[in-house]
Amino acid sequence: RQEPESSSVTRSSRSRSSTIAMPVLAATPPMGWMSWELFRCDIDCVAHPDDCIGERLYQQTADHMASDGFRDAGYVGVHIDDCWETLQPPRDAQGRLTFNATRFPSGGKALGDYFHSRGLSFGLYTDIGTNTCGGYPGSEGYEQVDAQTFAEWGVDYIKVDGCYSDADKYYVDYPKFGTALQQSGREIVYSCSWPAYLGDNETTKPYDAMAGAGCNLWRNYADIQSSWSSLVSIIDHYGDYSEYLATVAGPGTWNDPDMLLVGNEAQGVTNVEGQTQMAIWSVLAAPLIMGNDVRTLSDDARAILLNPEMIAIDQDPLGKAGARVSPKGSEEVWLRRELVDGSAALVLFYKGDEDSTPATTTGEAFPSVAATSASSRTSSNRGSSGAKALVSPRETTTMSVNFADLGLVERQQVRDVVQQQDLGVMRASLSAEVELHGVRVFKLTPVASARNADPDAAYAASSTTMSAA
């Protein structure tokens, strides 16, 4: 959230060469849940006792993450965003930040203990400037005391926003905070919003300086909102710069396109669109931090978020981010070329035209896949909706890719990641029906030669249409 208009820290910086020393922190993209997208800065706990920025919301969320499968799937972070602090006085007699005593009567240490006792981690928010974006006390001039306070509370992850500061000061203040974290005596993942305040051109941003400051991940671009138009604008931006951004991403230093909207159907994001976000974020090796209400998720939304094969792509330990490999347009191809087991992750994305909207809000059954041997053709956000009026009938398109055009070998063992289903060995190319605003996601494992392939399976895959459902 943007306000209207080299360091000695080396604990998580890395070489951009092909030989990467694994860092201590954020070796894979962080996963968890964050409050901002739906709950914003709602501090009215009388009117909204379960949904205001108070300890009840975070405790209930933690309970559901532990009991509903999210923790075990890797979503371990419970992240408190803005508006948790006491406004007056802004600091106690020792100069420390304090949790608002009315909304967080147990305080920071007890809340951290609550999360940790459930096998979860404690995420918190501050700002590099004098105030947070919501107008609460920032950390400028208090970097050392704030880092120490957070460490004593048991904080595991700190998001540091960039409001009420100046871009020129980021070169000093973000490294200063990184040094303070290093000296706090606790390993704390450091999320920096530094590049989000430097405009749109990713190639001009000082990512080496950010890594040198100790940043483990960074918000590159605009805040996401619960609407298709917002989501697709962010997809377009990361697609436009994906090849460059892949060079600055890797273990310990991740690009962060912002929160997952999966589950926000009432706010205007369909499950088809949520699946698209999950797939593209996984190709980008992006953090998977949910911006929903885990207490009320539908079964379909939960299935998208908990798909172990999609999560495995995102969390691949090699850490090599993928990119959009086709021109920007109505139909796009995204590829994460190199996973640790030698396979690749392929996404076929039917974005449609700018004003296209799907006819339904569910994507429970995906159409068929065929292989061919030749080329073929800011207050609470809980009640708002960014959806346009729906049109009918449901639209799909057939998308095809040649393996050679992707730099892949001719024969590929193909697995549908969404359906978690093997589709056999495909020869030369792949075609699939894709729903409007939706994706098809495939894991491609090279088959070295015809001698290594089952000829009957290869023949079937190149001659028949297979159901992906």
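Residues numbered from 1 in each chain as written. Predicted model: local features only at pLDDT ≥ 70, side-chain atom pairs only at ≥ 80, totals over all residues. Heavy atoms only, no water.

Colleague: Could you clarify how one ought to interpret the overall build of the protein chain in this entry?
Modeller: Looking only at helices and strands, the protein chain features 13 helices and 18 strands. Per-residue burial for the protein chain yields a buried fraction of 58% across its 469 residues. (Helix = DSSP H or I, 4+ residues; strand = E, 2+ residues; numbered from the N terminus. Buried < 20%, exposed > 50% of the residue type's maximum accessible area, 1.4 Å probe, protein only.)

Colleague: Explain the packing of helix H5 (residues 143-153) against helix H6 (residues 167-182) to me, please; I cannot follow it from the model alone.
Modeller: Closest axis-to-axis distance for the H5/H6 pair is 8 Å, and the angle between their directions is 40°. Here H5 lies oblique to H6, going by the angle between them. The element H5 and its partner H6 pack so that their crossing is right-handed. On the side of H5, the interface is formed by Glu143, Gln144, Asp146, Ala147 and Phe150, while H6 contributes Asp173, Lys176, Phe177, Ala180 and Leu181. Looking at the contact of H5 with H6 residue by residue, the classes come out as five nonpolar, one polar and four charged. (Axes fitted to C-alpha atoms, helices over the stretch in contact; angles between N-to-C directions. Parallel < 35°, antiparallel > 145°, perpendicular 65-115°, else oblique. Left-handed = near helix turned anticlockwise from the far one by under 90°. Contact = heavy atoms within 4.5 Å. Nonpolar A, V, L, I, M, F, W, Y, C, P; charged D, E, K, R; others polar.)

Colleague: Would you mind showing me how to read the state of the cysteines here?
Modeller: Simply put, the disulfide is a covalent bond whose two ends are the sulfur atoms of two cysteines. The tally for this structure, following the rule as stated, stands at four disulfides. Note that Cys45 is cross-linked by a disulfide to Cys52, the S-S spacing being 1.9 Å. Here the S-S torsion is close to 95°, and the disulfide linking Cys45 with Cys52 is therefore right-handed. Taking relative accessible area as the criterion, Cys45 reaches 25% and is therefore assigned partly exposed. Exposure remark for Cys52: the relative accessible area of 2% places this residue in the buried category. (Disulfide = S-S within 2.5 Å.)

Colleague: How should the sheet that holds strand E2 (residues 77-79) be read in this particular structure?
Modeller: Sheet strands associate in pairs through backbone hydrogen bonding, adopting either a parallel or an antiparallel arrangement. The sheet built from eight strands is open, its strands ordered E7-E6-E5-E4-E3-E2-E1-E8 with parallel pairing. The two strands at the open ends of the sheet, each matched to only one other strand, are strand E7 (254-256) and strand E8 (288-290). Strand-to-strand twist in this sheet, taken as the mean axis angle between neighbours without regard to direction, amounts to 25°. Where strand E1 (residues 31-34) and E8 come together, three bridges link them in parallel fashion. From the neighbouring strand, Gly32 faces E8, where its bridge partner is Ile289. (Pairing = 2+ DSSP bridges.)

Colleague: Mind showing me how you'd approach the packing of aromatic side chains here?
Modeller: Ring pairs (aromatic) are described by centroid distance and by the angle formed between their planes. As enumerated under the stated definition, the model contains 19 aromatic pairs in all. Here Tyr170 and Trp194 contribute two aromatic rings whose centre-to-centre distance is 6.4 Å and whose plane-to-plane angle is 70°, an arrangement assigned as edge-to-face. Taken together, the positions of Tyr170 in helix H6 and Trp194 in the loop between strand E5 (189-192) and helix H7 (207-212) put the pair 24 residues apart, joining distant regions of the chain. Since its relative accessible area comes to 1%, Trp194 is described here as buried. An aromatic cluster of three or more residues is present, and its members are Trp33, Phe39, Tyr58, Trp84, Phe99, Phe104, Phe150 and Trp153. Of note, Arg91 hangs over the ring of Tyr142, and the distance from its end group to the ring centre comes to 3.6 Å. The ring of Tyr114 has Arg118 sitting right over it, with the charged end atom 3.6 Å from the ring centre. (Phe/Tyr/Trp six-rings, centres within 6.5 Å; stacked < 30°, edge-to-face > 60°. Lys NZ or Arg CZ within 6 Å of the ring centre and 35° of its normal.)

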